[in-house]
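Per-entry structural report
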Amino acid sequence: MDSILPQLLTGLAGASSLFLVASGLTIIFGVTRIVNFSHGSLMMLGAYIGWSILTRLPREPEWFVLGVLATVLATALIGVVLEVVVLRRVYRAPELFQLLATFGVVLVLQDVTLWLWGPVELPLPRGRWLRQFVEIGGSRFPMYDLILILVGPVVLGLLWLLMNRTRWGTLVRAATLDREMVAALGVNQRTLFTAVFALGAGLAGLGGALSLPNSSANLNIDLAIITDAFVVVVVGGLGSLTGAFVASLLIGILQAFGIVLVPKITLVLVFLVMAVVLVFRPNGLLGRPQAEAREATVAAPVIRAAPPELRALGVAALLLAIAAPFIVGEYYLTVLTDACVAILFAVSLHFMMGPGGMASFGHAAWFGIGAYAAGLLMQWIGAPMPVGLLAAPVAAGIVAALFGWFVVRLSGVYLSMLTLAFAQIVWAICFQWVDVTGGDNGLLGLVRPAWAHDARVFYWLALALSVGGALLLRRMLYAPYGYALRAARDSAARARAIGLDVQSLRIVAIVIAGAACGLSGAIFSYGKGSIFPTYITISHSVEALLMVLLGGLQTVAGPIIGALVYTGLADILVRSTDLWRLVLGAVIVLLVVAFPEGIAGAARRLWLRGREA
Amino acid sequence: MLLSVQGLNTHYGRAHILQDMALTIAAGEVRVLLGRNGAGKSTTMKSVIGLVRPSAGRIAFDGVEIAGEEPHRIARRGLGYVPEDRRVFADLTVMENLEVGRQGARGGMRAWTPERLFELFPNLGRMRDRPGGRMSGGEQQMLTIARTLMGNPRLVLLDEPSEGLAPVIVEQMANAILALKGEGLTILLAEQNLHFAGGVADSATVVEKGRVVWSGTMEALRADEAARTKYLAV
């Protein structure tokens, strides 16, 4: 096996880049407890800024080093701006809203980058020293990769010194454990947080700039790298630098060998490793159980029944929705059908997240499984639409039961990350198993029966299934099962003490949510007539999160309102501006800053206050 | 007056915890805040240090109004806070815990150093590199006090330092507080243990349901059997 050594070296080089990004992510999480979705965007900016600086400099190694350092400074500064303008305002918001805000930043930065540097990917012209090779064990190996391999351990060492041998590092580690106490001892948390964020951003920028010689500055870096970085950070243990390093090596080497040995399932392999690690070590390789960061905690959402006025409003809205096909044109009928799908999509996620207390980052998985179940049944045995609509929730429910067995062992961010990993596995299977799923080309020709061919009839069907599903889920929340589930969320230990089987309750919640979501996927597919792997992307999962969080977790009406607002907003934005991501992202950030309890929660508060006054 | 609290009101959500709390401490005084569980002792301290934002009232520290300021600013004015549940940084060593609390010296006072603190708490000196999480309750309590002293405070808010400690440790704690008093440190002590408080405090403020119900010197409280029975007997 001549290829082992070069492959190993390639893996190690990849591991170094991965570590640079993951280390920043893990440091930021450790102190601020914010899962920074925009960390990949910072790396992307690092790559673009690095490109702009390096292409203007002579192509000698010393200039390269200078250019990279300048890039690090620039991204650190951008980090400062981000922290001061956005994150500082959301530290008191619930964890998931912070995540949402950072996702808003991702969207904004995507459009800003596109606007500044254009859509074409930008490779770095390589100077002579970048093309040199070193002979190792009889095969030639790029010198730059060897340098990269060294950068990882060097940065780890420097960070270790910074964290363990300086006063600043001691304060940062103390803040990781108990921010409030650190403040009571006279340390200004704000400057500490800003500095930590700048450090993390600088590391991401370093990763971006150093990735240039081997790839290019392009617009796909952000979401591609953030997934890998999440995996590394979670496998290593949140907040652990050494853990991130070990996990980077593991993932980097796995990727390098995976491409050679099992090219078709590399993606699956990476996420499978993460799933296995998390099942056996729920806090990652070197992570410790998450002591809750001490500070005023936000009470878990209490789900109250809607006041009569709201019910009346709901009935009026439903009547309007039923009459809609007679009022609006063909285009808006499509939008409304999409809105029905979105409602079921969001309500099913809310069921898991709100009452179940399990925030899923991979909800699109169930959507996709439902869609593909219907599509494949049609392709294999010519199953008609009613069978497909029935099979979709069943298939999603069965897979959810299997997956639920793994996931209920975890909690918090780890649980969310495993759901993300699972969705990525499902996506990878649909994307890479071309023989069965058609891969990128998708499954086409999903036909509706004659009676549902008319767009209006199909809209009514979608409305009935969606509203029916939402009402059924609501009913379950107010059944004894719903109370038990909420008890398990509020305190697993106390729920166990009164005889509730917490894990089973949670698995059932995942199965119900998965099945309902699978149905929404099938409805969507019959509406469009085709199925693509894009149904299962991270972006689609995040859309579900957006809808639920925009609407708010505290109310059952929340996800419905969120789904409608999001669908409407997205539709208007996509049609009216090229910079729709920028606007959508900015709106998300503003909403999180202004309404940390979601739109429905804020409306409810205003409404109640209005009545009290 | 080094600290003067007047008309302090604090709410947790809709619960009205402190209702027109008032107390004063002169420089060099050791005053004990006595009261049963839930009387509002801890909330008073958290309101003074700024961890809980009071809804109304005045808090003057050395003549400067500090109500509503952020905790780190208040702490930097020379107000030290030792929480009742200790809250040592579990992953940090004794020396690192002390480092987090360190602030510059304040005029007119001898600055605290780890070495001086180890004279006060000899146990700590023998475990400088031990992580806070692997210390006994009494050692942790000493560490939190030492950590706060590293900020060279002029006034220390000491929340139930004797709680949950073995009698022999309580004794050591009382001696340490007396030593600090000997250094001229001003201390506001929250306690339920009247015996412990009686050994160290000059004066007492008794609180019940967030209000001051008795205030005076320690001797007066010792003499007032009716007040003790009414407010403090369990």
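Quick notes on the rules
- Residues numbered from 1 in each chain as written.
- Chains lettered and ligands numbered in written order.
- Predicted model: local features only at pLDDT ≥ 70, side-chain atom pairs only at ≥ 80, totals over all residues.
- Heavy atoms only, no water.
- Helix = DSSP H or I, 4+ residues; strand = E, 2+ residues; numbered from the N terminus.
- Rg over C-alpha atoms; globule rule 2.2 N^0.38 Å.
- Buried < 20%, exposed > 50% of the residue type's maximum accessible area, 1.4 Å probe, protein only.
- Contact = heavy atoms within 4.5 Å.
- Lys, Arg positive; Asp, Glu negative; His and termini not counted.
- Charge placed at Lys NZ, Arg CZ, Asp CG, Glu CD.
- Buried area = accessible area lost by both parts, 1.4 Å probe.
- Salt bridge = Lys/Arg side-chain N within 4 Å of Asp/Glu carboxyl O.
- Polar contact = N/O pair within 3.5 Å; in protein donor to acceptor, adjacent residues only side chain to side chain.
- Phe/Tyr/Trp six-rings, centres within 6.5 Å; stacked < 30°, edge-to-face > 60°.
- pLDDT = per-residue confidence, 0-100.
- Expected span 1.5 Å × (residues − 1).
- Disulfide = S-S within 2.5 Å.
- Pairing = 2+ DSSP bridges.
- Axes fitted to C-alpha atoms, helices over the stretch in contact; angles between N-to-C directions.

**A look at the overall build of chain A**
Of the regular secondary structure elements, chain A holds 25 helices and four strands. Relative to the globule expectation of 25 Å for 613 residues, the C-alpha radius of gyration of chain A, 25 Å, shows essentially globular dimensions. Its C-alpha atoms give chain A principal-axis dimensions of about 70 × 60 × 50 Å. Among the 613 residues that make up chain A, the fraction classed as buried is 56%. A separation threshold of at least 6 residues defines the contact pool for chain A, and within that pool the share at least 24 residues apart is 80%. When the 38 basic and 28 acidic side-chain charges of chain A are each reduced to a single mean position, those positions are 8 Å apart.

**Observations concerning the interface of chain A and chain B**
Taken residue by residue, the interface counts 21 residues in chain A and 24 residues in chain B. Across the interface of chain A and chain B, roughly 2,100 Å² is buried in total on both sides, 53% from carbon and sulfur atoms. The partner of Asp178(A) in a salt bridge is Arg87(B), with the nearest N and O atoms 2.9 Å apart. On inspection of chain A and its partner chain B, the count reaches 10 residue pairs in polar contact (both at pLDDT 80 or more).

**Observations regarding the packing of aromatic side chains**
Residues and elements named next belong to chain A. Summed over the entire model, instances satisfying the criterion amount to 19 aromatic pairs over all chains. Aromatic pair phenylalanine 345 and phenylalanine 367: ring centres 5.0 Å apart, planes at 55°, arrangement tilted. With phenylalanine 345 in helix α13 (residues 330-353) and phenylalanine 367 in helix α14 (residues 364-381), this pair connects stretches of sequence that are 22 residues apart. By the burial criterion, phenylalanine 345 is buried, and phenylalanine 367 matches it.

**Points about the side chain of Thr75(A)**
Residue and element names in this part refer to chain A. You can see threonine 75 is positioned in helix α3 (residues 61-85). Overall, threonine 75 belongs to the buried group, its relative accessible area being 0%. A polar atom in the side chain of threonine 75 sits 2.8 Å from the backbone oxygen of threonine 71. Those residues in contact with threonine 75 that sit more than four places away from it in its chain are Leu42, Leu45, Gly46, Ile49, Ala201, Gly202 and Gly205.

**Some words on the confidence of the model for chain A**
For any part of a model where pLDDT is low, the fine detail of the predicted coordinates should not be relied upon. All names here are of chain A. Here chain A shows a mean pLDDT of 88. Residues at 70 or above account for 95%. Predicted confidence in chain A is weakest over helix α25 (residues 598-612), with a mean pLDDT of 67, and strongest over helix α2 (residues 39-54), with 97. Note on residues 292-299: pLDDT is under 50 here. Beyond four places in sequence and across chains, it has 14 contacts.

**Quick word on helix α16 (residues 412-432) of chain A**
Taking 1.5 Å as the rise per residue, α16(A) with 21 residues should run 30 Å; its terminal C-alpha atoms sit 30 Å apart, in good agreement. Extensive coverage of α16(A) is indicated by the burial of 17 of its 21 residues.

**Focus: the state of the cysteines**
All names here are of chain A. All told, the structure shown has zero disulfides over all chains when counted by the stated rule. Free cysteine: cysteine 517, not disulfide-bonded; nearest cysteine sulfur from cysteine 430 at 13 Å. The buried category is assigned to cysteine 517, whose relative accessible area is 0%.

**Here's the deal with the environment of Leu415(A)**
By secondary structure assignment, the location of Leu415(A) is in helix α16. When the C-alpha positions of Leu415(A) and Met358(A) are compared, they lie 7.1 Å apart, and in sequence the two are 57 residues distant.

**Looking at unusual backbone geometry**
Residue and element names in this part refer to chain B. A positive phi angle, close to 55°, is found at aspartate 20, a residue other than glycine. Its place among the elements puts aspartate 20 in strand β2 (residues 15-25). Phi at asparagine 152 takes a positive value of approximately 50°, unusual for a residue other than glycine. Note on placement: asparagine 152 falls in the loop between α6 (137-149) and β7 (155-159).

**Regarding the environment of Leu269(A)**
Residues and elements named next belong to chain A. Turning to its location among the elements, leucine 269 is positioned in helix α11 (residues 266-280). Through-space distance from the C-alpha of leucine 269 to that of isoleucine 53 is 37 Å; in sequence the pair is 216 residues apart. If near-sequence neighbours (up to four positions away) are discounted, leucine 269 is found in contact with Leu254, Gly258 and Val262.

**Brief notes about the sheet that holds β2(B)**
Residue and element names in this part refer to chain B. The sheet built from four strands is open, its strands ordered β2-β1-β4-β5 with antiparallel pairing. The outermost strands of the open sheet, each flanked by one partner alone, are β2 and β5 (64-65). Two elements, strand β1 (residues 3-12) and β2, share seven bridges in a ladder whose sense is antiparallel. Bridge pairing links threonine 10 to leucine 18 in β2. Those strands touched by helix α1 (residues 41-49) are β1, β2 and β4 (56-61), and its axis lies near 110° from that of β1.

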